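# Overview (structure and organization)
The residues making up each chain are set out below.
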Amino acid sequence: MATPLSFMSLFFLLLLPSFISSSPLQDPELVVLEVQKSINSSRRNLGSLSCVTGNPIDDCWRCDPNWEKNRKHLADCAIGFGKQAIGGRDGKIYVVTDPSDDPVSPKPGTLRHGAIQGEPLWIIFSRDMVIKLKEELMMNSFKTIDGREGLMQRMPRCRHGYFHVVNNDYTWWGSYAIGGSAAPTIISEGNRFFAPDNKTFKEVTKREHTPQRIWKNWNWRSSGDLMLNGAFFTPSGAGASSSYARASSLAAKPSYLISSITASAGSLNCKKGSLC
């Protein structure tokens, strides 16, 4: 099981295919500048309240004691290329009450049933539960899976623009830890990657739906990452320093400090009626 932590989680809501806006592609450099400004603004408030994390998406909602009643406000917290994405914001609340899974005939109340509906839905869970999917979960557009009480998420996929994957702890991922499409620039720095035992999934990286003759020109680089249990990163591109400079968001700590950096990371222990 993989647990993406720290700044990579910043992009999760922005990158799921079903959340992507159909608006014209923005200038990548302007988007990166906007993201950096948001991050710097959140960092300036660190220490002011226990709910402030330095992550602008989390800081947008975690200091609201009524977050459970205002769940859809999270859709307005997005930054980056997915800023205009609305997910299931304009739909009804769908509550997952049944942890079972039937890929052929999904029952109402299950996660799969909600995910395949044609209407916009904001999907939440009635309680903590373990859902063992029997097949890949296919989602229709305009869906938000709101698991702020302990959902384990799939790995984000980087699309357009620049990404700095820094000081995360990736353990036992599925098919990949860092995925990408549409020629993103990615610098992975100071992360710890502990690969699953399955020899098929030792590779950290995955280029989605793109032949090697094309992705070999994408700028992907690993610097100071710790590779364990056979994990390996496949670099690509010419490695122009200017491209990676745009992707950099903060100074990375050494990968041997990951245990202490991520000691308090993981699923949130949020309680209704209080700051998260």
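Fair warning: this is a prediction, and the values are worked out from it, not measured in the lab.

## A few points about the state of the cysteines
- This model, assessed by the stated rule, comprises 1 disulfide.
- Between the sulfur of cysteine 60 and that of cysteine 77 lies a disulfide, 2.1 Å long from S to S. Here the S-S torsion is close to -70°, and the disulfide linking cysteine 60 with cysteine 77 is therefore left-handed. Of this pair, cysteine 60 sits in helix 3 (residues 56-61) while cysteine 77 sits in the loop between helix 3 and strand 1 (92-96), and the two are 17 residues apart along the sequence.
- Here cysteine 60 falls in the partly exposed class, since its relative accessible area comes to 29%.

## Quick word on the pairing of strand 2 (residues 121-125)
- Counting buried positions over the 5 residues of strand 2 gives 5, a clear majority of the element.
- Neither face of strand 2 is exposed, since Leu121, Ile123 and Phe125 on one face and Trp122 and Ile124 on the opposite face are all buried.
- Looking at chain direction, strand 2 and strand 3 (residues 143-145) are connected through 3 bridges and run parallel. When the bridges of strand 3 are listed, leucine 121 appears paired with lysine 143.

## Structural notes on the pattern of salt bridges
- Overall, the coordinates contain 8 salt bridges when judged by the stated rule.
- With a shortest N-O distance of 2.7 Å, glutamate 34 and lysine 83 are connected by a salt bridge. Placement of the pair is glutamate 34 in helix 2 (residues 28-44) and lysine 83 in the loop between helix 3 and strand 1, with a sequence separation of 49 residues.
- The partly exposed category is assigned to lysine 83, whose relative accessible area is 38%.
- Between aspartate 101 and arginine 112 there is a salt bridge; the shortest N-O distance is 2.6 Å.

## Regarding the side chain of arginine 192
- Following the sequence through the fold, arginine 192 ends up in strand 9 (residues 192-194).
- A relative accessible area of 19% means that arginine 192 is categorised as buried.
- Those residues within four positions of arginine 192 in sequence are excluded, and the remaining contacts are Asn168, Asp169, Tyr170, Leu226, Leu228, Ile258 and Ser259.

## Let's talk about the sheet that holds strand 8 (residues 185-189)
- Strand order in this open sheet of 3 strands is 5-8-11, and the pairing throughout is parallel. Because the sheet does not close on itself, it has two edges, and the strands there are strand 5 (162-166) and strand 11 (220-223). Mean inter-strand twist for the sheet, computed between neighbouring axes without regard to direction, equals 10°.

## Description of the sheet that holds strand 7 (residues 178-180)
- The sheet built from 3 strands is open, its strands ordered 4-7-10 with parallel pairing. Because the sheet does not close on itself, it has two edges, and the strands there are strand 4 (157-158) and strand 10 (205-207).
- In this sheet, strand 7 lies alongside strand 4 in parallel orientation, the contact comprising 2 bridges. Directly across from arginine 157, in strand 7, lies its bridge partner glycine 179.

Thresholds applied
- Along each chain, the written sequence defines residue order, and numbers are assigned to residues from 1.
- Totals for whole chains, interfaces and linings use every residue, but because this is a predicted model, local features are given only for residues with pLDDT of at least 70 and side-chain atom pairs only at 80 or more, for both listing and counting.
- Computation of side-chain values covers all heavy atoms of the structure but excludes hydrogens and water.
- Any two cysteine sulfur atoms lying within 2.5 Å of each other are counted as a disulfide.
- Every helix listed is a DSSP run of H or I at least four residues long, and every strand listed is a run of E at least two residues long, numbered separately from the N terminus.
- Under the scheme applied here, a residue whose accessible area is under 20% of the maximum for its type counts as buried, over 50% as exposed, and between as partly exposed, the area being computed with a 1.4 Å probe on protein chains only.
- A pair of strands counts as paired when DSSP detects no fewer than two bridges linking them.
- For salt bridges, the criterion is a side-chain nitrogen of Lys or Arg within 4 Å of an Asp or Glu carboxyl oxygen.
- Should any heavy atoms of two residues lie within 4.5 Å, those residues are counted as being in contact.
- Whenever a helix is involved, its axis is fitted only over the stretch in contact; in every case the axis is a line through C-alpha atoms, and angles between N-to-C directions fall within 0 to 180 degrees.

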